[in-house]
Amino acid sequence: MELEIIIPGKISKHLFDSYNFYVDKIKRFSKIKVNFVKLGGDLNKLPKSVVLKREAEEILKKLKGNDYVLIDLHGKMLNSIEFSKMLENYRLKGKIHFVIGGPLGIDEKIVNGALERISLSQLTFTHELALIILLEQIFRGFKIMNNENYHY
Ligand SMILES: C[S@@+](CC[C@H](N)C(=O)[O-])C[C@H]1O[C@@H](n2cnc3c(N)ncnc32)[C@H](O)[C@@H]1O
């Protein structure tokens with residue numbers, strides 16, 4: 001399966017170990033690529049709309065026309081079994097692309113073009129933490145799909 005996550009920015013040092021930990025775990029089940037795209041510019045100097053538009057352009061370049069699932073605060077709330085089923089449906093199709101917003105969120109164009117929108121919780125996380133939580137849920141999803149115990 002081709003699994004790709006596109007996210008503006010990069011992973012900070014304090015989250016780097018967690019990021020590597022889950023990416024390695026997922027590799028047992030699927031190929032995975034995390035595409036970090038350029039942030040839209042200085043958040044203190046540029047209007048939010050400009051930053052989001054620039055990030056959207058970078059995200060669209062990486063998507064190359066592929067359908068995508070947007071990780072979105074206002075998306076559908078799934079439990080982990082439902083998330084696993086969603087993942088399995090995409091596995092049968094052979095690929096899935098996830099998009100996560102940047103520090104300021106995501107441009108409307110990306111919101112409107114998403115195949116589906118998934119919320120991780122009603123709490124707001126930094127985009128980097130959203131990535132770690134998504135990776136953990138992907139790993140959990142594969143474990144559920146394969147009827148494997150998951151103790152940690
Ligand atoms: C800091 S948040 C953006 C906050 C921004 N004020 C907004 O309302 O969109 C950055 C990104 O992390 C992801 N994110 C953060 N918390 C989330 C949650 N609970 N569910 C789904 N995505 C979340 C989303 O992709 C979001 O665009």
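Nothing here was measured: the structure is a model prediction, and the numbers come from that model.

**A word on the UniProt feature "binding site: S-adenosyl-L-methionine" (unreviewed entry) in the chain**
The sites that carry the UniProt feature "binding site: S-adenosyl-L-methionine" (unreviewed entry) are, in the present numbering, I71, G101, L120, S121, Q122, L123, T124 and F125. Among the secondary structure elements, I71 is positioned in strand 3 (residues 69-77). Among all residues touching I71, those that are not within four sequence positions of it are F98, V99, I100, G101, I118, L120 and L134. Tracing the backbone through its elements, the reader meets T124 in the loop between strand 5 (116-119) and helix 5 (127-145). Using a relative accessible area of 62% as the deciding quantity, one classes T124 as exposed.

**Comments concerning the packing of helix 1 (residues 13-26) against helix 5**
The interhelical angle for the contact between helix 1 and helix 5, taken along N-to-C directions, is 25°, at an axis separation of 9 Å. The pairing of helix 1 with helix 5 is recorded here as roughly parallel in orientation. You can see that helix 1 and helix 5 cross each other, and the crossing is left-handed. Residues L15, S18, Y19, Y22, V23, K25 and I26 of helix 1 form the contact with helix 5, whose participating residues are E128, L129, L131, I132, L135, E136, I138, F139 and F142.

**Remarks on the packing of aromatic side chains**
Taken as a whole, this structure holds 6 aromatic pairs when the rule is applied. Between F29 and F142, the ring centres sit 5.3 Å apart and the planes meet at 10°, which makes this aromatic pair stacked. Of this pair, F29 sits in the loop between helix 1 and strand 2 (31-37) while F142 is found in helix 5, placing the two residues 113 residues apart along the sequence. Both residues of the pair, F29 and F142, count as buried. Ring geometry for F83 and F98: centres 6.3 Å apart, planes at 10°, overall stacked. Separated by 15 residues along the polypeptide, F83 in helix 3 (residues 80-93) and F98 in strand 4 (residues 95-100) bring together distant segments of the chain. The same class applies to F83 as to F98, namely buried. Among the aromatic residues, those joined into a ring-pair cluster are F16, Y19 and F36. Its end group placed over the ring of Y90, K93 keeps NZ or CZ at 4.9 Å from the ring centre.

Rules used in this analysis
Residues numbered from 1 in each chain as written. Predicted model: local features only at pLDDT ≥ 70, side-chain atom pairs only at ≥ 80, totals over all residues. Heavy atoms only, no water. UniProt positions renumbered as here; feature names shortened; annotations may be inferred. Helix = DSSP H or I, 4+ residues; strand = E, 2+ residues; numbered from the N terminus. Contact = heavy atoms within 4.5 Å. Buried < 20%, exposed > 50% of the residue type's maximum accessible area, 1.4 Å probe, protein only. Axes fitted to C-alpha atoms, helices over the stretch in contact; angles between N-to-C directions. Parallel < 35°, antiparallel > 145°, perpendicular 65-115°, else oblique. Left-handed = near helix turned anticlockwise from the far one by under 90°. Phe/Tyr/Trp six-rings, centres within 6.5 Å; stacked < 30°, edge-to-face > 60°. Lys NZ or Arg CZ within 6 Å of the ring centre and 35° of its normal.

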